[in-house]
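# Observations on chain architecture
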Amino acid sequence: MKHIKTLNKANLKESAAKGGCGECQASCQSACKTSCTVANQKCEKK
Amino acid sequence: MIHTYELNGYHILLDVNSGAVHLVDKLCFELLSFLTPPLSERCPDAALAALDGRYSKADIAACYGELYRLYTDGLLFSEDSYAQFADQMVSSPVKALCLHIAHDCNLRCSYCFASTGDFGAGRKLMPVETGKKAIDFLLKRSYGRRNLEVDFFGGEPLMNFDAVKEVVAYARSKEAEYGKNFRFTITTNGLLLNDDSIDFINREMSNVVLSIDGRQEVNDRVRARVDGSGSYDAIVPKYRRLVEARGDRDYYVRGTFTKYNLDFSKDVFHLNELGFDQISVEPVVAPETAPYALTEDDLPAIFAEYEKLSRELIAREKAGRGFNFFHFMLDLDQGPCAIKRLRGCGCGNEYVAVTPDGDIYPCHQFVGMEDWKMGSVLTDTLDLEKKDLFARTNIYSKPECQACWAKFYCSGGCSANSLQYAGSITKPHRLSCELEKKRLECAIMIKAALSE
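What comes next concerns the included structure. (Residues numbered from 1 in each chain as written. Chains lettered and ligands numbered in written order. Predicted model: local features only at pLDDT ≥ 70, side-chain atom pairs only at ≥ 80, totals over all residues. Heavy atoms only, no water.)

### Comments concerning the overall build of chain A
Secondary structure assignment for chain A yields one helix and one strand. Residues counted as buried form 61% of the 46 residues belonging to chain A. Per element, the accessible surface of chain A, about 1,900 Å² overall, is 54% carbon and sulfur. (Helix = DSSP H or I, 4+ residues; strand = E, 2+ residues; numbered from the N terminus. Buried < 20%, exposed > 50% of the residue type's maximum accessible area, 1.4 Å probe, protein only. Areas by Shrake-Rupley, 256 points an atom, 1.4 Å probe, with all protein chains shown as cover.)

Structure (structure tokens):
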């Protein structure tokens, strides 16, 4: 495409289908303890 | 829902529900402001008329064609299909503990949310037996979950380090029998680190959070010892020793910025100059009346600082001198699943805090709020009604979040902040939201810049 460069596709939709196992890290346990950022957590299945 | 913004010369389009991120040119960026779903094959006349003269008709049509293709591919104005999962949000197994091994501290940080270590309830160390009961509680209440997390927290956990060691040994002794994998972490101010504790931490802890605020004058102004003297000189050599011996295992040097250092990017770079490459510097959590508290008036300065930090990080990364800034970490390809993103940190549901007395609270920031006490590990009691309240709290139960483009990245924010500063666990704290959104915009922009 000339006008658009797609950096990443529909990962969120795909992740919903196989998600929710609950084995990943609780986000507050990583570094923050005061300010929530969930999107930087890793998925345990990948 | 989409979010479009311009930052550092990049025009960025985020399709909220699919998670797709697109880098677009200026024509496309302008054209988007005329579009609302559902899209038809033909570019709307209003858009053509408005852009005519500045762009050729052929270019506008071609650009619209590309956008329409994204639309039909489910990468633009995609549907929200997650509400169905929100309806199924039920109580989960407990899988993570914040273990308050010491409600005492050898620092007197002026901004401490824990009332300089004792959480307002007297200075105490957790007895080993209480720590073991907490592990028993976790083993039982985690049901089928295999990966369990225990963060040794305080106060200052090294003030009760023998208990830390015994609790770790006890948990390890149960792993095989229960089919569990414990991941320990510790958050320390560093003063009591020595060769023995460094060895133990590097052997047993999957992550270690080392508190330091950055430049010496910034750190020592707020992170003072009981006698008022600063902590910087004592902790920096110890942190260096720990990190050097740690190899490639996770750690963070972790600071707090306040109104006193709105130029906090200098602190981030200072920490990097000290030799650390895993850095987190985060906004203080404080009532607006505190002299060091961040307020909405500070937002323009903080935003400018985040932008400055992101530009410098891009330059360093391109020069092969990059480092990790926790709040700009974003994995667009393999981040957490959508289900996880609906309710975020899991506090009060899959993550709880345990005090030296064995009392259970939704998280460390709730400790001391008697109304929010959830039970005790000593009596193996847990208030399932409260747990259910947290289990059901998700981005669809918060009206402000439903309408927000950042909802799948912050997952509704911090329940404790919401309660303390906005009055309810379902009412987001606006200042925190604004900061979070700015950080996300910067993080996505960094991805765009590094994709070139």
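On we go from here.
### A closer look at the environment of Asn11(A)
Here Asn11(A) lies in helix H1 (residues 11-18). Filtering out sequence-adjacent residues up to four positions away, Asn11(A) remains in contact with Ser18(B), Leu332(B) and Asp333(B). (Contact = heavy atoms within 4.5 Å.)

### Quick look at helix H10 (residues 265-273) of chain B
Residues and elements named next belong to chain B. H10 sits mainly inside the fold: seven of its nine residues count as buried. Residues of H10 that are buried make contact with helix H8 (216-222), helix H9 (232-246), strand S10 (252-257), strand S11 (278-283), helix H11 (299-318) and strand S12 (324-325). Looking at the residues trailing H10, positive phi occurs at Gly275, about 110°.

### Describing the pattern of salt bridges
According to the stated counting rule, one finds 33 salt bridges over all chains in the structure shown. For Glu44(A), the salt bridge goes to Arg183(B), with nearest N and O atoms at 2.7 Å. Here Glu44(A) is found in the segment after H1, whereas its partner Arg183(B) is found in strand S8 (residues 181-188) on a different chain. Residue Arg183(B) is classed as partly exposed on the basis of its relative accessible area of 25%. We note a salt bridge from Asp195(B) to Arg241(B), for which the minimum N-O separation is 3.2 Å. Separated by 46 residues along the polypeptide, Asp195(B) in helix H7 (residues 195-204) and Arg241(B) in helix H9 bring together distant segments of the chain. When salt bridges that share partners are traced, they join Arg215(B), Asp263(B), Lys266(B) and Asp267(B) into one network. (Salt bridge = Lys/Arg side-chain N within 4 Å of Asp/Glu carboxyl O.)

### Re the interface of chain B and chain A
Facing the 82 residues of chain B at the interface are 41 residues of chain A. Buried surface at the junction of chain B and chain A, summed over both partners, amounts to about 5,100 Å²; 53% is from carbon and sulfur atoms. On the chain B side of the interface with chain A, the three residues burying the most area are Glu66(B), Phe326(B) and Lys340(B), jointly 11% of the side's total. Viewed at the interface, chain A and chain B are joined by two salt bridges. Between Asp59(B) and Lys2(A) there is a salt bridge, and its shortest N-O distance comes to 3.0 Å. If you look at where chain B meets chain A, you find 25 residue pairs in polar contact (both at pLDDT 80 or more). If you tally residues by element for the side of chain B that touches chain A, the top one is helix H3 (residues 57-72) of chain B, at seven residues. Class assignment of the residues belonging to the side of chain B that touches chain A gives a composition of 39 nonpolar, 21 polar and 22 charged. Pairing of strand S1 (residues 4-8) of chain A with strand S3 (residues 20-24) of chain B involves four bridges; the strand directions are antiparallel. Bridging across to S3(B), Lys5(A) finds its partner in Leu23(B). (Buried area = accessible area lost by both parts, 1.4 Å probe. Polar contact = N/O pair within 3.5 Å; in protein donor to acceptor, adjacent residues only side chain to side chain. Nonpolar A, V, L, I, M, F, W, Y, C, P; charged D, E, K, R; others polar. Pairing = 2+ DSSP bridges.)

### Details of the packing of aromatic side chains
Residues and elements named next belong to chain B. Throughout the structure, instances matching the rule amount to 17 aromatic pairs over all chains. Between Tyr68 and Tyr71, the ring centres sit 6.0 Å apart and the planes meet at 40°, which makes this aromatic pair tilted. One end of the pair, Tyr68, and the other, Tyr71, are both in helix H3, three residues apart, so they sit about a helical turn from each other. Both rings, one in Phe269 and one in Phe323, keep their centres 6.0 Å apart while their planes meet at 85°; by these two values the pair is edge-to-face. (Phe/Tyr/Trp six-rings, centres within 6.5 Å; stacked < 30°, edge-to-face > 60°.)

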